[in-house]
Amino acid sequence: QEVRRPRRAPEPLPPEALPEDIRQLVTTDTSNMKEEDLYKLVDAIRDKIIEVKNNRMQLINEVKGLRDQRVKLIEQKKELVSQLLKLRSERKGVLDELAKVKQELDSLLKDLKTKRDQLKEARQLLEKEGNIAKLSLRRVQKRIEELEWRQQTSVLPPQEERRLVEEIERLEELAERIRKARQEEISIMEIEAEVKALKMKLNDFNTKINELRQKAGNLKAQIASLTPKIDELNKQINSLKQTIDEKSKNIDILSGELDALYNKYRELMVKLKELKISRQRGIELKA
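The rules behind each value
- Residues numbered from 1 in each chain as written.
- Predicted model: local features only at pLDDT ≥ 70, side-chain atom pairs only at ≥ 80, totals over all residues.
- Heavy atoms only, no water.
- Helix = DSSP H or I, 4+ residues; strand = E, 2+ residues; numbered from the N terminus.
- Contact = heavy atoms within 4.5 Å.
- Areas by Shrake-Rupley, 256 points an atom, 1.4 Å probe, with all protein chains shown as cover.
- Salt bridge = Lys/Arg side-chain N within 4 Å of Asp/Glu carboxyl O.
- Buried < 20%, exposed > 50% of the residue type's maximum accessible area, 1.4 Å probe, protein only.
- Core = buried A, V, L, I, M, F, W, Y, C linked by side-chain atoms within 4.5 Å.
- Polar contact = N/O pair within 3.5 Å; in protein donor to acceptor, adjacent residues only side chain to side chain.
- pLDDT = per-residue confidence, 0-100.

## A word on the overall build of the protein chain
When you go through the protein chain residue by residue, the secondary structure sums to 4 helices and 0 strands. Residue pairs in contact within the protein chain that sit at least 24 positions apart in sequence constitute 89% of those at least 6 positions apart. Total accessible area on the protein chain is roughly 20,300 Å²; 49% of this is exposed by carbon and sulfur atoms.

The structure is reproduced here in structure tokens:
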């Protein structure tokens with residue numbers, strides 16, 4: 001069986017670093033050994049080379065499998081990290097939107113407070129007038145017209161003239177108060193409509209804020225669930241690297257053992273060749 005030298009050939013290990021069985025093989029003194037014993041030693045070394053090569057190949061295959069496994073874990077980790085970054089970006093967008101909606105809500109609450117203050121003031125003003133807004137403005141204006149017509153078409157004593165003028169002024173003031181009271185009622189209705197609209201908008205904002213908070217909470221939970229998975233993958237990846245490094249060192253050790261065995265094997269083959277040549281020469285001399 002042909003014994004081939006491995007491709008990788010590190011410096012041979014010193015004898016003291018070799019396992020006991022290999023150390024005995026490579027340190028055997030062959031100076032006084034018979035040819036038959038040399039062949040036995042060659043067979044033993046060949047068997048050991050095959051054994052070490054098989055062990056080394058097994059480790060190489062294990063390292064290859066571990067590296068493939070590590071590559072898959074790294075890809076899984078990359079995918080999870082990509083998801084994590086995407087979730088963080090999405091959550092930041094939600095939080096930014098939430099902050100914006102809260103600012104709009106604060107502005108809305110200020111507007112609502114202003115409108116409520118205006119409504120309160122308008123109602124207070126209307127209350128001061130009592131039920132004056134319910135008076136018939138048309139009747140008051142008609143009475144004013146009647147008095148003015150009488151003033152213009154009749155000759156009245158000074159005292160009656162003065163009383164008529166005072167009555168017209170009183171009625172005109174009353175008409176103005178009625179107009180203002182009715183305008184105040186219109187103003188109150190308009191403000192009430194605005195307050196109602198603002199309250200509806202306020203409900204919409206509160207609903208939106210609750211939805212955004214819930215979404216941000218869900219994203220936070222997803223982020224929290226990914227973090228330990230990534231940490232676990234990191235542990236597995238690092239553990240595999242340590243195992244790969246340890247097995248790679250063992251491969252280097254086996255390569256060194258092989259190199260020592262090959263050196264001894266080559267030494268024996270040279271010695272056996274020399275013995276063969278010497279024997280052939282002896283035969284030729286006898287002939």
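Let's pick the thread back up.
## Focus on the pattern of salt bridges
Scanning the entire structure with this criterion turns up 15 salt bridges. Close ionic contact of E75 with K78 constitutes a salt bridge, the shortest N to O distance being 3.9 Å. One end of the pair, E75, and the other, K78, are both in helix 2 (residues 35–128), 3 residues apart, so they sit about a helical turn from each other. One salt bridge in this structure joins K92 and D96, with 3.0 Å as the shortest N-O distance. Separated by 4 residues within a single helix, K92 and D96 lie in helix 2, roughly one turn from each other. Looking at K92, the relative accessible area reads 52%, which means it is exposed. Within this structure, D21, K48 and E51 form a network of salt bridges that share partners.

## Some thoughts on the environment of L80
Its location among the elements puts L80 in helix 2. Considering only alpha carbons, one finds L80 and I223, 143 residues apart in sequence, at a separation of 10.0 Å. Setting aside anything within four residues of it in sequence, one finds L80 in contact with L226, K229, I230 and L233.

## A closer look at the nonpolar core
In terms of nonpolar packing, the biggest core is built from 51 residues, with I45, I49 and L261 touching the most fellow members. Counting residues per element, the ones that place at least two in this core are helix 1 (20–26), helix 2 and helix 4 (158–286). The dominant element in this core, judged by the number of residues it contributes, is helix 4, at 26 residues. Not counting chain neighbours up to four residues away, the residues in contact with L261 comprise I22, L25, V26, I45, K48, I49 and V52. In terms of nonpolar packing, the next biggest core, distinct from the first, is built from 7 residues, V140, L147, L171 and A175 among them.

## Topic: the environment of L119
Locating L119 in the fold gives a position in helix 2. Along the chain, L119 and V195 lie 76 residues apart, while their C-alpha atoms are 8.8 Å from each other. Look past the residues within four positions of L119 in its chain and what remains in contact with it is I188, I191 and E192.

## With respect to the side chain of K48
Residue position: K48 is located in helix 2. Residue classification places K48 among the buried residues on the basis of a relative accessible area of 12%. At 2.6 Å, the side chain of K48 and the side chain of D21 are in polar contact. Among residues more than four places away in sequence, those in contact with K48 are D21, I22, L25 and L261.

## With respect to the confidence of the model for the protein chain
On average, residues of the protein chain score 85 in pLDDT, and 89% of them reach the 70 mark or higher. Taken element by element, the predicted model of the protein chain shows its lowest mean pLDDT in helix 3 (residues 137–153) (77) and its highest in helix 2 (91).

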